[in-house]
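Chains, contacts and geometry: an overview
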Amino acid sequence: MSLLRLEQLSVGYQRPILSNLSLSLSAGEILGLGGSNGCGKSTLLKAISGEARIFSGTIYKAPTLNIRLQKQHPIRLANFPLSAREYLALMSAQIAHLPTRLAQLLDRRLDSLSGGQFQLLSIWACLATDSDVVLLDEPTNNLDRLGITLLLEMLNQRRPEQGIALISHDHEFVHAATTRQVDLSPFHQSDIEAL
Ligand SMILES: Nc1ncnc2c1ncn2[C@@H]1O[C@H](COP(=O)(O)OP(=O)(O)OP(=O)(O)O)[C@@H](O)[C@H]1O
């Protein structure tokens, strides 16, 4: 079942960054979005989640579709007395099957976690919800090998109705994590800006 269908989509900011892109995301799949630096991978995720501009084309999705976006650099409030447990509750994420490595952190303050610990926790906060679509921008940021193994386990625990699209420059991870890959470089609007 297709959760999202993009048809002839052109997206960007003041001007289009990606043009004439058509693709779909189905339940159960993990789609890897690749392409050169600056070609518009993050912009596409932002457009799907409503943060970048759609110039033309259509995003077909159910009106009730629940989309979660994990940004490339998720914001974490410093000096704010919020525990990991409270953060997951605020994000409506369940803690029933939380991996042990994360369960140990539940009563720690969010601002005392390492970058990798916070990265895994915030990805869990996207996945372990009633979200239909999860968009992950560079989910391996800050993760060591053990962290990447845990991330792969978390992705494999996804609900069968969920569809995931992710961006990563870690080819080994992309190969292990995704069920399909799409190169966005050919849809970049200007060859001058892509590196
Ligand atoms: N908020 C913004 N306003 C205007 N232009 C932006 C904005 N954010 C990004 N851009 C530009 O859009 C282009 C695509 O950026 P984007 O972050 O989508 O690329 P990317 O493919 O994800 O790159 P990378 O692989 O380096 O993370 C770049 O030229 C970038 O400078």
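The structure under discussion appears in the preceding block.
Anyway, here's the lowdown on the structure attached to this text.

Calculation rules
Residues numbered from 1 in each chain as written. Predicted model: local features only at pLDDT ≥ 70, side-chain atom pairs only at ≥ 80, totals over all residues. Helix = DSSP H or I, 4+ residues; strand = E, 2+ residues; numbered from the N terminus. Rg over C-alpha atoms; globule rule 2.2 N^0.38 Å. Contact = placed C-beta atoms within 7 Å. Pairing = 2+ DSSP bridges. Axes fitted to C-alpha atoms, helices over the stretch in contact; angles between N-to-C directions. Near = placed C-beta within 6 Å. Nonpolar A, V, L, I, M, F, W, Y, C, P; charged D, E, K, R; others polar. Expected span 1.5 Å × (residues − 1). Buried ≥ 20, exposed ≤ 12 C-beta atoms within 10 Å, placed from the backbone. Right-handed = clockwise from strand over helix to strand, strands pointing away.

The next subject is the overall build of the protein. Each helix and strand counted, the protein has six helices and eight strands in total. Taking 195 residues into account, the globule formula puts the C-alpha radius of gyration at 16 Å, and the protein, at 17 Å, falls close to it. Taking the principal axes of its C-alpha atoms as reference, the protein extends roughly 45 × 35 × 30 Å. Excluding contacts between residues fewer than 6 apart, the proportion of contacts in the protein whose partners are at least 24 apart in sequence is 76%.

Quick look at the sheet that holds strand 5 (residues 67-70) now. Read across the sheet, five strands follow the order 5-6-7-3-8 without closing on themselves; strand pairing throughout is parallel. The outermost strands of the open sheet, each flanked by one partner alone, are strand 5 and strand 8 (180-183). Here the strands of the sheet are splayed against their neighbours by 15° on average, with no regard to which way each runs. Across four bridges, the pairing between strand 5 and strand 6 (residues 133-137) is parallel. Looking across to strand 6, one finds that Arg68 is bridged to Val134.

Here we take up the sheet that holds strand 1 (residues 2-12). Within the open sheet, the three strands sit side by side as 2-1-4. Their pairing is antiparallel. The sheet is open, and its two borders are formed by strand 2 (16-26) and strand 4 (53-61), each paired with just one other strand. Taken over all neighbouring pairs, the strand axes of this sheet differ in orientation by 5° on average, direction set aside. Sheet topology note: the strand 1/strand 4 ladder contains seven bridges and is antiparallel. When the sheet's bridge partners are listed, Arg5 is paired in strand 4 with Tyr60.

The full set close to the ligand counts 11 residues, and Tyr13, Asn37, Lys41, Ser42 and Thr43 are the nearest of them. By residue number, the principal contributor to the shell around the ligand is helix 1 (residues 41-48), which donates three residues. Residues of the shell around the ligand, tallied by class, amount to three nonpolar, six polar and two charged.

Positive phi values are uncommon outside glycine, yet Asn20 reaches one of about 55°. When you line up the elements, Asn20 lands in strand 2.

Moving on, we come to helix 4 (residues 115-127). Between its first and last C-alpha atoms helix 4 spans 18 Å; for 13 residues at 1.5 Å apiece the expected length is 18 Å, and the two agree. The buried fraction of helix 4 is high, at 10 of 13 residues. Here helix 4 has its buried residues at Gln117, Gln119, Leu120, Leu121, Ser122, Ile123, Trp124, Ala125, Cys126 and Leu127. The inward-facing, buried residues of helix 4 contact strand 5, helix 2 (84-90), helix 3 (100-103), strand 6 and helix 5 (145-156).

The subject of this paragraph is the pairing of strand 1. Note: strand 1 against strand 2, seven bridges, orientation antiparallel. Its bridge partner lying in strand 2, Val11 is registered against Leu18. Taken together, strand 1 and the strand that follows it, strand 2, pair antiparallel across an intervening segment of three residues.

What follows deals with the environment of Leu31. Locating Leu31 in the fold gives a position in strand 3 (residues 30-34). Along the primary structure Leu31 and Thr58 are separated by 27 residues, whereas in three dimensions their C-alpha atoms are 19 Å apart. In this structure, Leu31 is in contact with Leu25, Ile164, Ala165, Thr178, Arg180 and Val182, ignoring residues within four places of it in sequence.

Of all five residues making up strand 6, five are buried, and the element is well covered by its neighbours. A two-sided burial pattern is seen for strand 6, the buried positions comprising Val133, Leu135 and Asp137 on one face and Val134 and Leu136 on the other. Read as a crossover between parallel neighbours, the route from strand 6 over helix 5 to strand 7 (residues 163-167) is right-handed.

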